[in-house]
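# Chain and residue survey
These are the residues of each chain, in order.
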Amino acid sequence: MERSMGFGLRLVEPTQSLRLGEDNGMMVVPTDNIKSGQVLAEEVRDISGRLLLSKGQTIEANHIRIFKIWGISEVNLVGAERQEDTSDPLMDPAMIEQTKKSVKALFCHMDLEHPAVKEIYRIAVQFRCKHNIIVENDNLPVDNQSIPRHDREKDFPQKLKKKNIILPELPSVAFELKKVIENPMSSAEHIAQVVSRSPSLTAVVLKIVNSSFYGLPSKISTVSHAVSLIGTQEISVLALGISILSIFKNLPKETIDMHSFLRHSLVCGLLSRVFAAHKNVPQTEQLFVSGLLHDLGRLILYIYFPDESRNVLVRSRNHNNLLYKEEKDYLGCDHAQLGVQLMKQWKLPLILRNNVLYHHKPSEAPQSVPATIVHLADIIVNSLGIGSSGEKFIPPLDCNAWENLELSPSSFETIIGQATHQFQALESILHT
Ligand SMILES: [Fe+2]
Ligand SMILES: [Fe+2]
């Protein structure tokens, strides 16, 4: 059955809440379409189950703001009328069909009958229609000329040695932050001191702390205040991740679209963090940083192995194959292994390294839940089409790891709503 929603999309198989809502004279309305004065037909809770507003309450302007901060994408209202935005060009059914078709092609390595994949596909079509995200042609030559396998030296340090490549050192501020993380006795003053040494890092940390990422009620103007509210470990790990990606900030445009890469990484980090909070996994910041750094190895490839990177990309298009599988076939190792080598050299915590190493095969990870969270976040960010790290197809779901995670696909919409809302608030840090 097909039906249309307020924001002009046709959805196959509406959710249970939509059906129940309508049967009882209520209507599920997207948060963007709520107006002050409307009355809630059902209570609204955030993903941690905290009550935001009770059933029967009249909605005021500040409530709508709170819903947005907490990523509530829709609420159930009394007597609300369906709001068709007929001015929206995305109403065009032909365009929606086209989006479904092109997104389906990206899912060719996925089992669309799997309930989790089915839900990700549904949300991806909806999201891409709403935000006008088209499946772009990357203009890579598909000449069908086979590119033979390259130097398949598995030992990464050997590979670098052959090319006389010296990888970047960990920035001194990141090195100091790592020491703070490793020392359980570190004080709020200590971490504040380290972060404050870098004005740009201070600015970014404060921006994150004051955004809907944390949803704190008042403005925080110093790092020490942020640490006292959020915690030493959390702020340190957050600052560490940011300072690491800043190493690669000023790459020449012809090498890689770094902005697109950072968008992919940031949304993967945000989704990982929200999934972690939803699953009550402690230290959600570690998951944020794992998501942020999950494709770090691709940066090494693009920067130090540009010819090989291009060949891998062309091979993946020629073979209609996943990029990470082509990396392994062509180079003997994939970007996850390369990224971890660099993280090892920097002596970053083992849990971060494992989340990165196993993000395409989390069922093999020593701790599968955090690795599965990053895996799922990567699948979703690829599906939504926010930024890119070079992969054209949606990486396949590790079904065993998914079973272990014990998560309902019905939670995806809220989690994605919350993470993408945080992304809107944070996107400007990519320009800092
Ligand atoms: Fe990856
Ligand atoms: Fe990725």
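Definitions and limits used
Residues numbered from 1 in each chain as written. Chains lettered and ligands numbered in written order. Predicted model: local features only at pLDDT ≥ 70, side-chain atom pairs only at ≥ 80, totals over all residues. Heavy atoms only, no water. Helix = DSSP H or I, 4+ residues; strand = E, 2+ residues; numbered from the N terminus. Buried < 20%, exposed > 50% of the residue type's maximum accessible area, 1.4 Å probe, protein only. Contact = heavy atoms within 4.5 Å. Areas by Shrake-Rupley, 256 points an atom, 1.4 Å probe, with all protein chains shown as cover. Phe/Tyr/Trp six-rings, centres within 6.5 Å; stacked < 30°, edge-to-face > 60°. Donors = N, O, S within 2.8 Å, 3.2 Å for Na, K, Ca; no water. Expected span 1.5 Å × (residues − 1). Arc of directions from axis to C-beta. Axes fitted to C-alpha atoms, helices over the stretch in contact; angles between N-to-C directions. Parallel < 35°, antiparallel > 145°, perpendicular 65-115°, else oblique. Left-handed = near helix turned anticlockwise from the far one by under 90°. Nonpolar A, V, L, I, M, F, W, Y, C, P; charged D, E, K, R; others polar. Core = buried A, V, L, I, M, F, W, Y, C linked by side-chain atoms within 4.5 Å. pLDDT = per-residue confidence, 0-100. Tetrahedral: all angles 85-135°; square planar, octahedral: opposite > 155°, others 65-115°. Polar contact = N/O pair within 3.5 Å; in protein donor to acceptor, adjacent residues only side chain to side chain.

### Some remarks on the overall build of the protein
Check the secondary structure of the protein and you find 20 helices and six strands. Among the 432 residues that make up the protein, the fraction classed as buried is 55%. Long-range pairs, those at least 24 residues apart, make up 69% of the contacts in the protein with a sequence separation of at least 6. A total of about 19,400 Å² of accessible surface is found on the protein, and carbon and sulfur atoms cover 50% of it.

### Let's talk about the packing of aromatic side chains
What the rule picks out here adds up to three aromatic pairs. Note on Phe 275 and Phe 412: the rings are 6.1 Å apart at their centroids and 85 degrees apart in plane angle, and the pair reads as edge-to-face. Placement of Phe 275 in helix α11 (residues 258–278) and of Phe 412 in helix α20 (residues 412–426) is noted, with a sequence separation of 137 residues between them. Phe 412 sits in the buried class, given a relative accessible area of 0%. Arranged with centres 5.7 Å apart and planes meeting at 65 degrees, the rings of Trp 402 and Phe 412 form a pair that is edge-to-face. Note that Trp 402 is positioned in helix α19 (residues 399–405) and Phe 412 in helix α20, a separation of 10 residues in sequence.

### Structural notes on the coordination of the iron ion (ligand 2)
Coordination of the iron ion (ligand 2) by the protein is provided by His 264 (NE2), His 294 (NE2), Asp 295 (OD) and Asp 378 (OD), with metal-donor distances spanning 2.1 to 2.2 Å. Between consecutive donor residues of the iron ion (ligand 2), the sequence gaps follow H-x29-H-D-x82-D. For Asp 378, a relative accessible area of 2% corresponds to the buried category.

### Thoughts on helix α3 (residues 93–106)
Taking 1.5 Å per residue, 14 residues should reach 20 Å; α3 reaches 20 Å between its end C-alpha atoms and fits that length. Buried residues of α3: Ile 96, Thr 99, Lys 100, Val 103 and Leu 106, and no others. The arc enclosing the buried residues of α3, seen along the axis, measures out at 120 degrees, which places them on a common side. Facing away from the buried side of α3 by more than 90 degrees, the exposed set consists of Ala 94 and Lys 101.

### Details of the packing of α11 against α20
In contact at an axis separation of 9 Å, α11 and α20 are set at 135 degrees when each is read in the N-to-C sense. Taken together, the axes of α11 and α20 are oblique relative to one another. Between α11 and α20 lies a crossing whose hand is right-handed. Contacts between α11 and α20 involve Arg 263, Leu 266, Val 267, Leu 270, Leu 271, Arg 273, Val 274, Phe 275 and His 278 from the first element and Phe 412, Ile 415, Ile 416, Gln 418, Ala 419, Gln 422, Phe 423 and Leu 426 from the second. Split into classes, the residues belonging to the contact of α11 with α20 amount to 12 nonpolar, three polar and two charged.

### Quick notes on the nonpolar core
Within the largest apolar cluster, 109 residues are counted, with the highest numbers of intra-cluster contacts made by Leu 177, Ile 208, Leu 271, Phe 275, Leu 376 and Phe 412. Top contributing element to this core by residue count: α11, with 11 residues. Residues contacting Phe 412, with those up to four places away along its chain left out, are Ala 116, Glu 119, Ile 120, Ile 123, Phe 275, Leu 376, Trp 402 and Leu 407. One finds Met 27, Ile 59, Ile 64 and Ile 72 within the second-largest nonpolar core, a separate group that totals 13 residues.

### So, the confidence of the model for the protein
Across the protein, pLDDT averages 81, with 82% of residues at or above 70. Per-element mean pLDDT across the protein ranges from 25 in strand β2 (residues 10–12) up to 97 in helix α18 (residues 368–384). Contacts of residues 1–24 to residues separated by more than four positions or lying in other chains number 56 contacts, the stretch itself having pLDDT below 50. Here residues 81–87 scores under 50 on pLDDT; set against residues more than four positions off or in separate chains, the count is 16 contacts.

### Some remarks on the coordination of the iron ion (ligand 1)
Here the iron ion (ligand 1) is held by the protein donor atoms Asp 295 (OD), His 335 (NE2), His 359 (NE2) and His 360 (NE2), which lie 2.2 to 2.4 Å from it. Its four donor atoms give the iron ion (ligand 1) angles of 81 to 174 degrees at the centre, a pattern that matches the irregular case. Sequence spacing of the donor residues for the iron ion (ligand 1), all on one chain, is D-x39-H-x23-H-H. Separating the iron ion (ligand 1) from the iron ion (ligand 2) is a gap of 3.8 Å, which Asp 295 spans by donating to each of them.

### Describing the environment of Leu 376
Along the chain, the position of Leu 376 falls in helix α18. In this structure, the C-alpha to C-alpha distance between Leu 376 and His 360, residues 16 residues apart in sequence, is 9.2 Å. Excluding residues within four positions of it along the chain, Leu 376 makes contact with Ile 120, Phe 275, Leu 397, Trp 402, Leu 405, Leu 407 and Phe 412.

### What to know about unusual backbone geometry
Here the phi dihedral of Asn 280 falls at roughly 55 degrees; this positive angle occurs in a residue that is not glycine. Along the chain, Asn 280 turns up in the loop between α11 and α12 (284–293). One non-glycine residue, Asn 320, lies in the positive phi region at around 50 degrees. Looking at the secondary structure, you find Asn 320 in the loop between α14 (306–318) and α15 (323–331).

### Side note on the environment of Thr 232
Tracing the sequence through the fold places Thr 232 in helix α10 (residues 232–245). For Thr 232 and Met 185, which are 47 residues apart along the polypeptide, the C-alpha to C-alpha distance reads 9.8 Å. Setting aside chain neighbours within four positions, we find Thr 232 in contact with Val 180, Ser 186, Ser 187, Ala 188, Ile 191 and Val 227.

### Thoughts on the side chain of Thr 284
Locating Thr 284 in the fold gives a position in helix α12. Among the polar contacts made by the side chain of Thr 284, one reaches the side chain of Glu 285 at a distance of 3.1 Å. In contact with Thr 284, not counting residues within four places along its chain, are Arg 273, Ala 276 and Ala 277.

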